[in-house]
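Examination of the molecular architecture
So you can see what is in the structure, the chains are spelled out below.
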Amino acid sequence: MNKDNSQKPKEVDQYTANVLQNGISRRSFLTRAAVGTGGLAFAGLAGTASAVASEANQEYANIADATLGFMPKPKVIAEKDIASTQTFDVIVVGAGASGVPAALSAAENGAKVAVLQKQAIVVAQGNTGSGIDLKTTPKASVEAMVSRLMSDSAHRCHPELLRSWAYNSGEAITWVIDRAKQGGAQVVDQGTKPQHGIHGVSEFPLNFVTSFFGPKPYTAGDGMRDLAKTAEKAGVKFFFNMPAQQLIQDESGKVIGVIAQSRDGKYHKYMAKKGVILSTGDYQNNKAMSDYFIPDIKNFERKQMDRTGDGFAMAFWAGGVIEPIGHTKMLHDFDAGPASMCDMPFLAVNRQGERFVNETVEMSLMNNYLRDEQNAGHYSQVFDSDYMTQAANWPGHLYSPEELKVYMPDDPTPKKGVFPSLTNTHVADTLEELAVKLECDPKTFVANVKRYNELCKTGQDDDFGKRSDRMVPVLKAPFYGIHRRMRVSAICSGMLVNKDHQALDADGKPIEGLYVIGNLGGGFYGGVDYPLTVFGLSLGRCYTFGYLTGKHVAKL
């Protein structure tokens, strides 16, 4: 490995070179320690801050004289402590929306595959995964979509990775739908219909394949469990309750396997002839990592569990590079009310009942106005009984008063296609009554609605500058409110990879045998917030890169 950080291989592109300057890596990540007679070294203890504290003699990663306590240096596990050893072509670590497709894709391309999962089941979330239908979309539209996504991410993402999704996602999503159906999944292709955000992206046709696992409470988690049934029939072996602890590297640094630990405390070695694919997810439940990389989310609830950054530690100690601080966060709420109304610029008030923003701000960005401890991601959209007429020409899709009832916790309408515990849409005959239901201070709420109505009457928003055609007064009872709660769904930044999703070291060189996908993979996003231009981009990316990487590693 080059010691001079300026000595970059010629093939490193400008994007990668820029990221390497500020990425977080461990250049001298491990003193090669022989284990047994195989000359093997181990990298990547998957640990948390609490685990670190219990190891008095544990070394940590040090970046610019700062100690990263969530990156404990791996301990050496002696060969005598290995209870079993199995050999496969491909080892996938993490059974989720990227890991299960990767495993099945690798198996279908002739590889013998094992999947290590720390939970007792396959775990994923969400409903929608999207890809571009190349059969009905001209290349100009594909490139326009790539350009728009670059803009959504503040032009900080890698164009090559976006194009990899754009030109392969339609095929991958179609494949996922077909293979999931074989496992008994509830999944349909919704086509371009849900893609409200793409209007205006291209002057030419832009069509999508959009997988939908649902309706709720059935989700992509159920869908991936059904896809795993297809994978098992294809010969993939799943090892549940088997969290990976360390990557195994030979003396050259090539990743050749994984050590995992079963619930009884025994260690098991899984050797990989072709490669290891890490798909372990993000780090939102690791407070130390979150506070370091993305302190903006300190006051927000986490939507997921057990996302502790295990894969980051493993890849880091194998020589990988974590994207620079300023990671992309995903905070949105599609459960309180209709998702298609989330970006409609109705009056918005915070937890106290105060108007706080120009409501044309997209819902996916609203969290940036609600980061304080008091609001902690809570706000409400407010409108009156004329909303179907007043907002008829707004982007999105309006739900009628009858259709809204499924989102109302105090209405007896059966809660089909939603999570009943998360529904939070309300109707009231008075503003005071609505304020109570929205958990706002009635006096503050009524005063702010009155002020907003006065601005609507003049047609000029002196408070926040909203366009006059988006200024709709709240005058006629009954009054409606959707209390939305921004929670962390995912953190979308990760380890630096090349076009084949192979992890890169601090010199921009591929780490042989190590591949990274899903929310553990970096470079696909780059903005402060996850973009909602393409509905289902996150799962679409996971499915696509799992599909492509499994195939690639299997054919090595």
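So, here's what we can say about the structure. (Residues numbered from 1 in each chain as written. Predicted model: local features only at pLDDT ≥ 70, side-chain atom pairs only at ≥ 80, totals over all residues. Heavy atoms only, no water.)

1. Re the packing of helix α5 (residues 159-182) against helix α13 (residues 537-554)
Interaxial distance between α5 and α13 falls to 8 Å at its minimum, and their mutual angle equals 85°. Overall, the two elements α5 and α13 adopt an arrangement that is roughly perpendicular. Residue-level inspection shows L161, S164, W165, N168, S169, E171, A172, I173, W175 and V176 of α5 in contact with α13, the latter providing L537, G540, R541, Y543, T544, F545, Y547, L548 and K551. Per-class residue counts for the contact of α5 with α13 are eleven nonpolar, five polar and three charged. (Axes fitted to C-alpha atoms, helices over the stretch in contact; angles between N-to-C directions. Helix = DSSP H or I, 4+ residues; strand = E, 2+ residues; numbered from the N terminus. Parallel < 35°, antiparallel > 145°, perpendicular 65-115°, else oblique. Contact = heavy atoms within 4.5 Å. Nonpolar A, V, L, I, M, F, W, Y, C, P; charged D, E, K, R; others polar.)

2. Thoughts on helix α6 (residues 220-233)
Between its first and last C-alpha, α6 extends 20 Å over 14 residues, near the 20 Å set by a 1.5 Å rise per residue. All of the buried residues along α6 are A220, G221, G223, M224, D226, L227, A228, T230 and A231. Sitting at the head of α6, T219 places a side-chain oxygen 3.1 Å from the backbone nitrogen of G221. One or two steps after α6, the chain reaches G235, where phi turns positive at roughly 105°. (Expected span 1.5 Å × (residues − 1). Buried < 20%, exposed > 50% of the residue type's maximum accessible area, 1.4 Å probe, protein only. Polar contact = N/O pair within 3.5 Å; in protein donor to acceptor, adjacent residues only side chain to side chain.)

3. Digging into unusual backbone geometry
A cis amide bond links K216 with the next residue in sequence, P217, at an omega value of 10°. Here P217 shows up in the loop between β9 (208-213) and α6. The omega torsion of the bond from A477 to P478 falls at 0°, within 30 degrees of zero and hence cis. Inspection of the secondary structure puts P478 in the loop between α12 (442-458) and β19 (479-485). The backbone of A154 shows a phi angle near 60°, a positive value even though the residue is not glycine. With a phi close to 65°, D306 is a non-glycine residue in the positive phi region. Its location among the elements puts D306 in the loop between α7 (287-293) and α8 (310-317). For D306, a relative accessible area of 37% corresponds to the partly exposed category.

4. Notes on the sheet that holds β9
Taken together, three strands build an open sheet; the order of strands is β7-β9-β8 and the sheet is antiparallel. Of all the strands in the sheet, just β7 (128-132) and β8 (187-189) have a single pairing partner and so form its edges. For this sheet, the mean angle separating the axes of adjacent strands, direction not counted, is 15°. Pairing analysis gives five bridges linking β7 to β9, with the strands arranged antiparallel. (Pairing = 2+ DSSP bridges.)

5. Some words on the pattern of salt bridges
Counted under the stated rule, the structure contains 30 salt bridges. With its nearest N and O atoms 2.8 Å apart, the salt bridge here joins R355 to E359. Here K437 makes a salt bridge to E433, at a shortest N to O gap of 3.8 Å. Of this pair, K437 and E433 both sit in helix α11 (residues 431-437), separated by four residues, roughly a single helical turn. Owing to a relative accessible area of 34%, E433 belongs among the partly exposed residues under this scheme. (Salt bridge = Lys/Arg side-chain N within 4 Å of Asp/Glu carboxyl O.)

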